[in-house]
Each structure stands twice: as C-alpha cells, then as structure tokens.
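Coordinate inspection notes
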Amino acid sequence: MNLTIEKIKDVVVLHIKEERLDAHNSGELKAEMQRLFEEGNKQLLIELKDVRFIDSSGLGALVSGFKNATTYQGDLKLSSLQPQVKSMFELTRLHRVFEIFPSTAEALER
Amino acid sequence: MKRNAIELDIRVPNQTRYLSLIGRIGEDIAKELDRYSGDRETLAYQINLVLTEAMVNAIKYGNPENREDSVHILINISDNELFIRIYDYGQGFDINEIPEPDFEGLDDRGRGIFLIKSLMDSVCYKRDLKGNVLEMMKQLH
C-alpha cells in the first residue's frame with residue numbers, strides 16, 4: 001500500500017496514496033495503524049483525499065483502527081472523504097462512529 | 001443477442017490484485033449506458049462495489065480445495081437490466097440467513113453482502129450445475 005506518514009505535533013497523519021482501499025490492500029493499512037498505536041502514538045488521522053473507492057474490507061480496516069484507538073486510549077479521525085466514499089460510511093452508518101472532517105487542516109485544528 | 005445488449009464472460013485469477021481490474025470494467029460498463037437516466041457516476045461506483053464484494057467472497061470462500069484458479073464472472077446488460085453472475089465452488093451459504101450488520105456494534109466484518117443487497121434490486125445465491133452462483137440484478141431506468 002502506498003501511504004506517507006507525517007507527524008504534526010501529537011497527531012500522526014496517514015496520507016493514503018491509493019485510489020482504492022479494498023480487500024487487496026486494507027490489511028496493510030490495518031497493520032500499520034496497529035503498529036503506530038503499539039509504538040505509543042495516541043492520535044491518528046487518516047487522510048482519504050486520494051481514495052476514490054472503498055469496499056467493506058476497507059471500511060472494516062478503519063473500524064479495526066478505531067477499536068485499536070479505544071484500546072490504547074487514543075483516537076482515530078478521518079479527513080477529506082470523496083463523496084462516493086462518504087456515501088459508503090452513511091450506508092453502513094459508520095459516519096456515526098467516526099469523526100469525519102472535510103479537510104486535514106480542519107481535523108488538525110481540533 | 002438483442003440489439004444494444006452486452007454480454008461479458010470474464011475469468012480472472014482468484015487473487016485480490018485483480019479486484020481493481022474487475023471494478024474498472026464495471027465502471028466502464030456503467031459509463032457506456034447512454035439510456036440510463038440516473039447518475040452514471042453513482043451507478044459506476046455501485047457496479048464497481050458489487051463486483052468487488054462478490055469477487056472477494058468467491059476468492060475467500062468459493063475455492064476450498066483449490067479446484068479452480070480463476071473466478072468466473074458473467075455480466076449481461078439489456079435495455080432495462082444489468083445482470084451479474086459470479087460462480088464459486090465452495091460449500092455455499094443461505095444468503096437469506098445472513099443478518100444485517102449490527103449498526104450499533106463495531107465488527108470489522110459482515111458488511112459485504114449487506115452492501116450488495118442495498119445496491120442491487122434483487123440478489124440470490126443458488127446451487128448451479130457447476131457449483132454455486134451469486135446472481136445480482138439491477139433495473140436500469
């Protein structure tokens with residue numbers, strides 16, 4: 001999976017550089033989030049600006065990251081969802097679970 | 001074959017790296033449907049998604065003894081309907097017994113069939129001469 005990791009103050013921002021987040025690559029994202037929490041990072045922000053498509057495995061990986069955040073007393077936020085991707089969160093009601101920000105800058109202001 | 005009808009018979013290796021190829025074919029089909037009066041971008045996403053979900057199911061559960069090294073997908077488009085059939089060789093399951101996801105819970109899994117059922121007009125899963133087939137239909141108007 002192509003992603004870049006940037007630390008801005010206490011927030012680790014994962015810029016997902018993939019057009020698709022699906023059953024082929026979501027396992028890697030799940031493992032990466034797990035690793036970051038295990039290393040002691042508390043706040044993760046997943047930037048989905050480049051992600052045009054997400055399937056149930058991609059959603060599942062993010063749910064797994066959210067549960068890890070709870071386990072490690074941290075948090076996991078999402079930013080910059082494309083409209084079709086956002087509609088998948090709405091259809092599965094996951095928009096009620098995640099804090100979703102229109103942009104990474106707005107997420108970092110919080 | 002009827003005028004304007006399209007039939008695609010596809011076999012791809014049963015590996016997740018080919019999901020994007022199948023998804024892209026689905027999107028391209030949606031964009032070709034000049035007669036479709038709804039939002040074609042949305043339809044493209046939906047076809048991409050149901051093909052992806054169904055192919056993942058076939059890869060994960062549909063080939064327990066490595067009998068096949070490919071996934072077989074049939075796509076038929078007529079004036080009014082889009083039909084997708086995906087074959088597998090697994091134990092099969094009763095699609096009507098699969099519960100909706102627990103919307104209050106946080107399960108990593110269990111949303112694939114729900115998404116397919118939500119986006120298609122009819123979905124059935126049945127035993128075929130060759131194995132099992134997941135049939136999905138969407139009205140195009």
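The text that follows walks through the structure, step by step, so that each part is easy to find. (Residues numbered from 1 in each chain as written. Chains lettered and ligands numbered in written order. Predicted model: local features only at pLDDT ≥ 70, side-chain atom pairs only at ≥ 80, totals over all residues. Heavy atoms only, no water.)

1. Considerations on the sheet that holds strand β4 (residues 43-47) of chain A
All names here are of chain A. Worth spelling out the cut-off: Following DSSP output, two strands are said to pair if at least two bridges run between them. The helix count covers DSSP runs of H or I at least four residues long, the strand count covers runs of E at least two residues long, and both are numbered beginning at the N terminus. Angular values range over 0 to 180 degrees, each being the angle between N-to-C directions of two axes fitted as lines to C-alpha atoms, with helices fitted over their stretch in contact. By definition, residues are in contact when any of their heavy atoms lie within 4.5 Å.
In space, the five strands of this open sheet follow the order β1-β2-β4-β6-β7, with mixed pairing throughout. A strand with exactly one partner marks an edge of an open sheet, and here the two such strands are β1 (3-8) and β7 (99-101). Sheet twist, expressed as the average angle between the axes of neighbouring strands with direction ignored, equals 25 degrees. Direction of pairing for strand β2 (residues 11-16) relative to β4: parallel, over a ladder of five bridges. Residue pairing across strands places valine 11 opposite glutamine 43, the latter belonging to β4. This element, helix α2 (residues 56-71), spans β4 and β6 (75-79) of the sheet and lies at about 145 degrees to β6.

2. Looking at helix α1 (residues 19-32) of chain B
So the rule is basically this: Expected span, for any helix, means 1.5 Å times one less than how many residues it has. Burial here depends on accessible area, computed with a 1.4 Å probe over protein chains only, as a share of the maximum for the residue type. Under 20% is buried, over 50% is exposed, and the range in between is partly exposed. By construction, the arc corresponds to the directions joining the helix axis to the C-beta atoms.
The terminal C-alpha atoms of α1 of chain B, which comprises 14 residues, lie 20 Å apart, in line with the 20 Å expected from a rise of 1.5 Å per residue. Taken together, the buried positions of α1 of chain B are Leu19, Ile22, Gly23, Gly26, Glu27, Ile29 and Ala30 of chain B. Buried residues of α1 of chain B, viewed axially, fall in a sector of 160 degrees; they line one side. Each element contacted by the buried residues of α1 of chain B is listed here: β3 (20-21) of chain A together with β1 (6-13), α2 (40-61) and β2 (70-77) of chain B.

3. Observations regarding the sheet that holds strand β5 (residues 132-139) of chain B
Two modes of strand pairing occur in sheets, parallel and antiparallel, and in both the strands are linked by backbone hydrogen bonds. Residue and element names in this part refer to chain B. Read from one edge of the open sheet, five strands run β1-β2-β3-β5-β4, paired in antiparallel fashion. Looking along the sheet, the strands with just one partner apiece sit at the ends: β1 and β4 (122-127). Mean inter-strand twist for the sheet, computed between neighbouring axes without regard to direction, equals 15 degrees. For strand β3 (residues 81-88) and β5, the ladder comprises eight bridges, and the chain directions are antiparallel.

4. Comments concerning the pattern of salt bridges
How we decide: Salt bridge, as used here, is a side-chain nitrogen of Lys or Arg placed within 4 Å of a carboxyl oxygen of Asp or Glu.
Within the structure shown, the criterion is met by 13 salt bridges over all chains. Among the salt bridges present, the one from aspartate 108 of chain B reaches lysine 30 of chain A, with a minimum N-O distance of 3.5 Å. Note that aspartate 108 of chain B is positioned in the loop between β3 and α3 (112-119) and lysine 30 of chain A in helix α1 (residues 26-38), a pairing that runs across two chains. By relative accessible area, aspartate 108 of chain B is classed as buried at 19%. When its relative accessible area of 35% is taken as the criterion, lysine 30 of chain A is described as partly exposed. For the salt bridge of glutamate 27 of chain B with lysine 31 of chain B, the shortest nitrogen-to-oxygen distance reads 3.9 Å. Here lysine 31 of chain B and glutamate 27 of chain B lie together in helix α1, a separation of four residues that amounts to about one turn. Using a relative accessible area of 5% as the deciding quantity, one classes glutamate 27 of chain B as buried. Classification of lysine 31 of chain B by relative accessible area gives partly exposed; the value is 37%. In the salt-bridge network here, residues are joined through shared partners; they are Glu19 and Arg52 of chain A together with Glu27 and Lys31 of chain B.

As far as function goes, none of this settles anything; it's purely spatial.
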